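# Fold and contact review
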Amino acid sequence: MKNDVDLRKAYSLLHPRPVVLICTQDRNGKINVMSCSWITPVSDEPPLIAVSLWTKGYTHNIIDETKEFTVNIPSSKLVKQVWLAGTKSGRKVDKTKILGLKFTGSKTVSPPAIEECVGVLECKVKERIMLNEQVLYIAEIQRACAEENLFKNDIWIDEANILLHTGGKIFSTPKSVKELE
Ligand SMILES: Cc1cc2nc3c(=O)[nH]c(=O)nc-3n(C[C@H](O)[C@H](O)[C@H](O)COP(=O)(O)O)c2cc1C
């Protein structure tokens, strides 16, 4: 038997899903980091992703201004930083001062990458679609990098411990099923 789920919570059926840290930089050079799990690949040629951001957050203002961001893929080691970046707004707090993360320059966009993350996508916005209180950005990946020991044959190995957001304060990591090996 299946129970009905409130339609406003129906998205929860699509979790756990990877959570990333989106890094932006405003025109004055100020860096901001936010957590995001409503992000997905939507095309491989050209390499496009879709990201859905709440309009009350600060990140979407910076992206509207600069059209650039980096997507940083954290492992489970960064769960506390992910929670902080996802519960405090850059409108009120300088998150770079509280997250204890290192930033390194990107090659194709202005916002930096987060050194402690195991992968990064450098992205430029191609399209912006308003969805009531969310903005959906379609962005093209300009450059992608992954930790060589953890990303093998285009796959994150289990040891990468890619962080998944299950819901609320619950996070998990992927575990491969072995049946097809
Ligand atoms: C695990 C997790 C996932 C989140 N995913 C999203 C998301 O996909 N889109 C979004 O707009 N906010 C998401 N949030 C909430 C934002 O990260 C939060 O509103 C943050 O304070 C925004 O920061 P900013 O105002 O500096 O942009 C998420 C929060 C957490 C903890």
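Below: a short report on this structure. (Residues numbered from 1 in each chain as written. Predicted model: local features only at pLDDT ≥ 70, side-chain atom pairs only at ≥ 80, totals over all residues. Heavy atoms only, no water.)

## Thoughts on the overall build of the protein
- Regarding its fold elements, the protein presents three helices and 14 strands.
- What you see for the protein is a C-alpha radius of gyration of 16 Å, in line with the 16 Å of a compact globule of 181 residues.
- In the protein, once contacts between residues fewer than 6 apart in sequence are set aside, the share between residues at least 24 apart is 59%.
- Across the protein, 25 positive and 22 negative side-chain charges occur, with their mean positions spaced 8 Å apart. (Helix = DSSP H or I, 4+ residues; strand = E, 2+ residues; numbered from the N terminus. Rg over C-alpha atoms; globule rule 2.2 N^0.38 Å. Contact = heavy atoms within 4.5 Å. Lys, Arg positive; Asp, Glu negative; His and termini not counted. Charge placed at Lys NZ, Arg CZ, Asp CG, Glu CD.)

## Regarding the layout of surface pockets
- For the largest pocket, the calculated volume is near 980 Å³.
- Taken together, 36 residues form the lining of the largest pocket, with M34, S35, S37, W54 and G86 sitting closest to its centre.
- If you list the elements that add at least two residues to the lining of the largest pocket, you get strand 3 (31–36), strand 5 (48–54), helix 1 (59–66), helix 2 (79–85) and strand 13 (164–167).
- Tallying contributions element by element places strand 3 first for the lining of the largest pocket, with four residues. (1 Å grid on protein atoms, 1.4 Å probe; cavity = no way out; pocket = protein on both sides within 12 Å on 5 of 7 lines; lining within 4 Å. Points joined across faces, edges and corners; volume = space filled by probe spheres on them.)

## Regarding the packing of aromatic side chains
- Going through the model one piece at a time under the given rule, you end up with three aromatic pairs.
- Residues Y11 and W38 carry aromatic rings whose centres are separated by 5.0 Å and whose planes lie at 70° to one another, so their mutual orientation is edge-to-face. Taken together, the residues Y11 in the segment before strand 1 (17–18) and W38 in the loop between strand 3 and strand 4 (39–43) connect sequence positions 27 residues apart.
- Given a relative accessible area of 34%, Y11 falls into the partly exposed group.
- Plain terms: the ring middles of W83 and F171 are 6.2 Å apart, the flat faces sit at 90° to each other, and that makes the pair edge-to-face. In this pair, W83 is assigned in helix 2 and F171 in strand 14 (residues 170–172), connecting sequence segments 88 residues apart. (Phe/Tyr/Trp six-rings, centres within 6.5 Å; stacked < 30°, edge-to-face > 60°. Buried < 20%, exposed > 50% of the residue type's maximum accessible area, 1.4 Å probe, protein only.)

## Re the pairing of strand 5
- Across the seven residues of strand 5, six count as buried, placing the element largely inside the fold.
- The sheet contact formed by strand 4 and strand 5 spans four bridges and is antiparallel. Bridged to T40 within strand 5 is A50.
- Sheet topology note: the strand 5/strand 10 (residues 134–146) ladder contains seven bridges and is antiparallel. Bridging across to strand 10, S52 finds its partner in L136. (Pairing = 2+ DSSP bridges.)

## Regarding the sheet that holds strand 2 (residues 20–25)
- With antiparallel pairing, seven strands are arranged side by side in an open sheet as 3-2-6-9-10-5-4. For this open sheet the edge positions go to strand 3 and strand 4, each flanked by a neighbour on one side alone. For this sheet, the mean angle separating the axes of adjacent strands, direction not counted, is 35°.
- In this sheet, strand 9 (residues 119–131) lies alongside strand 6 (residues 68–73) in antiparallel orientation, the contact comprising six bridges. By the bridge assignment, F69 is partnered in strand 9 with C123. (Axes fitted to C-alpha atoms, helices over the stretch in contact; angles between N-to-C directions.)

## Quick look at the pattern of salt bridges
- Enumeration according to the criterion identifies seven salt bridges in this entry.
- Ionic pairing is found between E133 and K56, a salt bridge with its closest N-O pair at 3.2 Å. In this pair, E133 sits in the loop between strand 9 and strand 10 while K56 sits in the loop between strand 5 and helix 1, placing the two residues 77 residues apart along the sequence.
- Under the relative-accessibility criterion, K56 is labelled partly exposed at 48%.
- In this structure, the salt-bridge partner of R128 is D64, at a minimum N-O distance of 2.9 Å. Separated by 64 residues along the polypeptide, R128 in strand 9 and D64 in helix 1 bring together distant segments of the chain.
- Overall, the relative accessible area of 24% leaves D64 in the partly exposed class. (Salt bridge = Lys/Arg side-chain N within 4 Å of Asp/Glu carboxyl O.)

Spatial relationships are all this shows, so hold off on functional conclusions.
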